[in-house]
Structure formats: C-alpha cells, structure tokens
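The residues making up each chain are set out below.
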Amino acid sequence: MSKKLNVIKEKCPQNHKCPSVKICPVNALRQEGFNAPTVDHDKCIKCGKCANFCPKKALVLEED
Ligand code: SF4
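What counts, and at which threshold
- Residues numbered from 1 in each chain as written.
- Predicted model: local features only at pLDDT ≥ 70, side-chain atom pairs only at ≥ 80, totals over all residues.
- Heavy atoms only, no water.
- Helix = DSSP H or I, 4+ residues; strand = E, 2+ residues; numbered from the N terminus.
- Rg over C-alpha atoms; globule rule 2.2 N^0.38 Å.
- Buried < 20%, exposed > 50% of the residue type's maximum accessible area, 1.4 Å probe, protein only.
- Contact = heavy atoms within 4.5 Å.
- Areas by Shrake-Rupley, 256 points an atom, 1.4 Å probe, with all protein chains shown as cover.
- Lys, Arg positive; Asp, Glu negative; His and termini not counted.
- Charge placed at Lys NZ, Arg CZ, Asp CG, Glu CD.
- Near = heavy atom within 4 Å.
- 1 Å grid on protein atoms, 1.4 Å probe; cavity = no way out; pocket = protein on both sides within 12 Å on 5 of 7 lines; lining within 4 Å.
- Sits in = over half its atoms within 2 Å of the grid points.
- Nonpolar A, V, L, I, M, F, W, Y, C, P; charged D, E, K, R; others polar.
- Core = buried A, V, L, I, M, F, W, Y, C linked by side-chain atoms within 4.5 Å.

Asks: Just checking my understanding: could you explain the overall build of the protein chain for this structure?
Replies: When its secondary structure is counted, the protein chain shows two helices and four strands. Across the protein chain, helices and strands are ordered from the amino to the carboxyl terminus as β-α-β-β-α-β. For the protein chain, the C-alpha radius of gyration of 11 Å lies close to 11 Å, the compact-globule estimate for 64 residues. By its C-alpha atoms, the protein chain is 35 × 20 × 15 Å across when sized along the principal axes. Burial status across the protein chain gives 28% buried among its 64 residues. If you take every contact in the protein chain between residues at least 6 apart in sequence, the share linking residues at least 24 apart comes to 57%. Put simply, the protein chain shows about 4,500 Å² of open surface, and 50% of that area lies on carbon and sulfur atoms. If you average the places of the 12 positive and of the 7 negative side-chain charges in the protein chain, the two averages end up 9 Å apart.

Asks: Explanation requested: the site of the ligand in the structure shown.
Replies: Taken together, Leu-5, Cys-24, Pro-25, Val-26, Ala-28, Leu-29, Cys-44, Ile-45, Lys-46, Cys-47, Gly-48 and Cys-50 make up all the residues around the ligand. When each cavity is represented as a set of grid points, the ligand is found to reside in the second largest cavity. For the shell around the ligand, the per-class residue count stands at ten nonpolar, one polar and one charged.

Asks: Help me understand the nonpolar core, please; the structure alone is not making it clear to me.
Replies: A general tendency of soluble globular proteins is for nonpolar side chains to be buried together. By size, the foremost hydrophobic cluster in this structure holds 13 residues, and its most contacted members are Leu-5, Leu-29, Val-39, Cys-44, Cys-50 and Leu-59. Filtering out sequence-adjacent residues up to four positions away, Leu-5 remains in contact with Leu-29, Val-39, His-41, Cys-44, Cys-50, Ala-51, Leu-59, Val-60 and Leu-61.

Spelled out as structure tokens, the structure:
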C-alpha cells in the first residue's frame, strides 16, 4: 500500500505563512509567498506530520 501527500488548494486560505512547512522533518514542503504549499514527492517520507498539523486539513495523506 503506497501513500501520497496531496495538497487540497481549495481548503488553504492562502493568506498566511504555512505552519506545516517547518514541521516537515525532511524539508519536503515549499511555499511561494502565501500560496498553498507544494510537496517535493521525492523527499517526502509520508510521515503525516504536516497533515496532522495543518488546521485547515489542506494537507492530506491518501492512498495512492
Ligand atoms: S508527510 Fe511528512 S515528510 Fe511528507 S511533506 Fe508532510 S511532513 Fe514532510
């Protein structure tokens, strides 16, 4: 079973610095300005920390 971290842009208000970017232990999240963050899937270890941290549930670890 493989998982993938998805960014649900519609759930992200895109008006603040993403708090989950700093939570990621492998620096796989990147944010341009206040845009919704993007994921470097090669770096992501699918730990789910960012998904648990995002208050808007805009980061979701899903079955691929
Ligand atoms: S699932 Fe873990 S490794 Fe992947 S982007 Fe989120 S915090 Fe980083």
